[in-house]
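# Chains, contacts and geometry: an overview
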Amino acid sequence: MVRRILGLRAGRVAVGILSAIALLAILGPVLAPQDPLATRPETLAGPSWSHWLGTDYLGRDVFSRLLEGSRTSVLGSVQVALIALVVGAVPGILSVYLGRAFEWLTLRVADTLIALPFLVFAVAVTALLGNGLPQAMLVVGVLVSPLFFRVSRAATLAVARSQYVEAALISGGSVGWLVRRHVWGKVLPPIAVALAQTIGTGFIVVSSLTFLGIGVQPPEPTWGGLLASDLGYLAYQPWAPAVPAALIMATVWGSNLLADAIRDVSGEAGRTLVNSRRARARRLDSTEPLTAGGTTR
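Just so you know, the residues in each chain are numbered from 1, in the order the chain's sequence is written. Owing to the predicted nature of the model, reporting of local features is limited to residues with pLDDT of at least 70; listing and counting of side-chain atom pairs is limited to 80 or more, with chain, interface and lining totals taken over all residues. Side-chain metrics rest on all non-hydrogen atoms present in the structure, leaving aside hydrogens and water.

## Some points on the overall build of the chain
Runs of E in the DSSP output that reach at least two residues are strands. Runs of H or I that reach at least four are helices, and both are numbered from the N terminus. The helix and strand inventory of the chain stands at eleven helices and zero strands. Looking at the chain as a whole, 41% of its 297 residues are labelled buried. Any two residues whose heavy atoms approach within 4.5 Å are treated as being in contact. Partitioning the intrachain contacts of the chain with sequence separation of at least 6 by distance along the chain shows that 70% fall at a separation of at least 24. To be clear on the numbers: accessible area is Shrake-Rupley with a 1.4 Å probe, and residue cover counts the displayed protein chains and nothing else. Carbon and sulfur atoms provide 67% of the accessible area of the chain, an area that totals close to 16000 Å². The classification of residues rests on relative accessible area computed with a 1.4 Å probe and restricted to protein chains. Under 20% of the type maximum is buried, over 50% is exposed, and intermediate values are partly exposed.

Written out as structure tokens, the structure is:
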């Protein structure tokens, strides 16, 4: 599937953007030229050789804070996606096989989570559990999990009606073996699409919470926090919010592009794409002898 994704222009663009963001999250704190927490007398200074993006209202280097905050912002969105995957996909698959009681219970829980006011509930539970990033990401991941529940359940229902799955059940195969052997491979492509979309959604939510000062303890930098502090001084630095906003937009756009690329190369669309490429390759192979040897009579 990776080769198919890289065969699409949208897939290559998405992988390039997300790879750059991942490298920024890994190497950003190491590459920060100055201490991101150190204050200086030069407050709200413009870009210069010593401060590439200027300084904030406390004289802290904005470029260093941007690099330092990249890890927290990216890891937060990945944590949201992984928590939502575990909390939503596993019950979604098992709800098809563990009886009507478990199915009814999981459906009601998923409907309840969907009905909750998302951001308000996240703020309330985070305030109850403590203003920390793990607590905030746990709450957000649970609230996003109904997406994985519905996707995995719908894909499992489609596979469960297959004759080979019914034959495995009649033969006495356990639910765990059935899921590992027959179901998981068929359910994985739509879950991968949902995972890529959730990374983008989680990034928006993480940026929104950190914009409000939830999930991080000041003066720890994040992209959402930098955006919030920059908006308070637009009269002095009207260009300041452009860089963190552009990074947030690029990350979300790359995640959505990756989700579209995974969707295009999986399932029926993926088989159609492979068949069209094979047909094009056969046509090219058939024309090569004519090109190399000249025209034939």
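More follows now that the structure is in view.
## Some words on the nonpolar core
Ranked by internal contacts, the top residues of the largest apolar core, which has 32 residues, are Met 137, Val 140, Phe 148, Val 183 and Leu 209. Element by element, the count of residues in this core is highest for helix H6 (residues 133–160), at eleven residues. Once you skip the residues sitting within four places of it in the chain, Val 140 turns out to touch Val 80, Phe 118, Ala 122, Val 205 and Leu 209. Among buried residues, the Ala, Val, Leu, Ile, Met, Phe, Trp, Tyr and Cys ones that are joined through side-chain atoms within 4.5 Å form a nonpolar core.

## Re the side chain of Asp 230
Mapping Asp 230 onto the fold places it in helix H9 (residues 223–231). The contacts of Asp 230, once residues within four sequence positions are left out, are Ala 240, Pro 241 and Pro 244.

## A few points about the pattern of salt bridges
In the sections that follow, a salt bridge refers to a side-chain nitrogen of Lys or Arg positioned within 4 Å of a carboxyl oxygen of Asp or Glu. All chains considered together, the criterion is met by seven salt bridges. Notably, a salt bridge pairs Asp 111 with Arg 150, separated by 2.8 Å at the nearest N-O pair. Of the two residues, Asp 111 sits in helix H4 (residues 99–115) while Arg 150 sits in helix H6, which places them 39 residues apart along the sequence. The exposure class of Arg 150 is partly exposed, given its relative accessible area of 43%. Two residues, Asp 264 and Arg 263, come together in a salt bridge whose shortest N-O distance is 3.2 Å. One continuous salt-bridge network, built from bridges that share partners, spans Asp 56, Arg 60 and Arg 65.

## What about the packing of aromatic side chains?
Pairing of aromatic side chains here covers Phe, Tyr and the six-membered ring of Trp, requires ring centres within 6.5 Å, and sorts the geometry by plane angle: under 30 degrees stacked, over 60 edge-to-face, intermediate tilted. In the structure shown here, the tally under the stated rule is three aromatic pairs. Geometrically, the ring pair formed by Trp 52 and Phe 63 is tilted, given 5.1 Å between the ring centres and 35° between the ring planes. Residue Trp 52 is found in the loop between helix H2 (9–31) and helix H3 (62–94), and its partner Phe 63 is found in helix H3; the two are separated by eleven residues along the sequence. Whether a charge lies above a ring is judged from NZ of Lys or CZ of Arg, which has to be within 6 Å of the ring centre and within 35 degrees of the ring normal. Taking NZ or CZ as reference, Arg 60 lies 5.7 Å from the ring centre of Tyr 57, over its face.

## Points about the packing of H9 against helix H10 (residues 242–265)
Every axis in this analysis is a line fitted to C-alpha atoms, fitted for helices over the stretch in contact. Angles between the N-to-C directions lie between 0 and 180 degrees. Two elements in contact, H9 and H10, have axes whose closest approach is 9 Å; the angle formed by their N-to-C orientations is 145°. Along this stretch, H9 crosses H10, giving a crossing that reads as left-handed. Note on element contacts: H10 touches H9 through Pro 244, Ala 245, Leu 247, Ile 248 and Thr 251, opposite Trp 223, Leu 227 and Asp 230. It is the rotation of the near helix from the far one that decides the hand of a crossing: anticlockwise by less than a right angle makes it left-handed, clockwise makes it right-handed.

## Some remarks on the packing of helix H5 (residues 118–129) against H6
Interaxial distance between H5 and H6 falls to 9 Å at its minimum, and their mutual angle equals 145°. In this structure, the crossing between H5 and H6 has a hand that is right-handed. Facing H5, whose interface residues are Phe 118, Phe 121, Ala 122, Val 125, Thr 126 and Leu 129, H6 presents Gln 135, Ala 136, Val 139, Val 140, Leu 143 and Val 144. Class assignment of the residues belonging to the contact of H5 with H6 gives a composition of ten nonpolar, two polar and no charged. Side-chain classes follow a simple rule in which Ala, Val, Leu, Ile, Met, Phe, Trp, Tyr, Cys and Pro form the nonpolar group, Asp, Glu, Lys and Arg form the charged group, and the remainder, Gly included, forms the polar group.

## A few points about H9
Within H9, the full set of buried residues consists of Trp 223, Gly 224, Leu 226, Leu 227 and Asp 230. One face of H9 carries all of its buried residues, which in axial projection span an arc of 160°. Relevant arc is that of directions from the helix axis to the C-beta atoms, nothing else.

## What to know about the side chain of Ser 95
Considering the arrangement of structural elements, one finds Ser 95 in the loop between H3 and H4. Residues contacting Ser 95, with those up to four places away along its chain left out, are Phe 102, Glu 103, Thr 106, Phe 149 and Arg 153.

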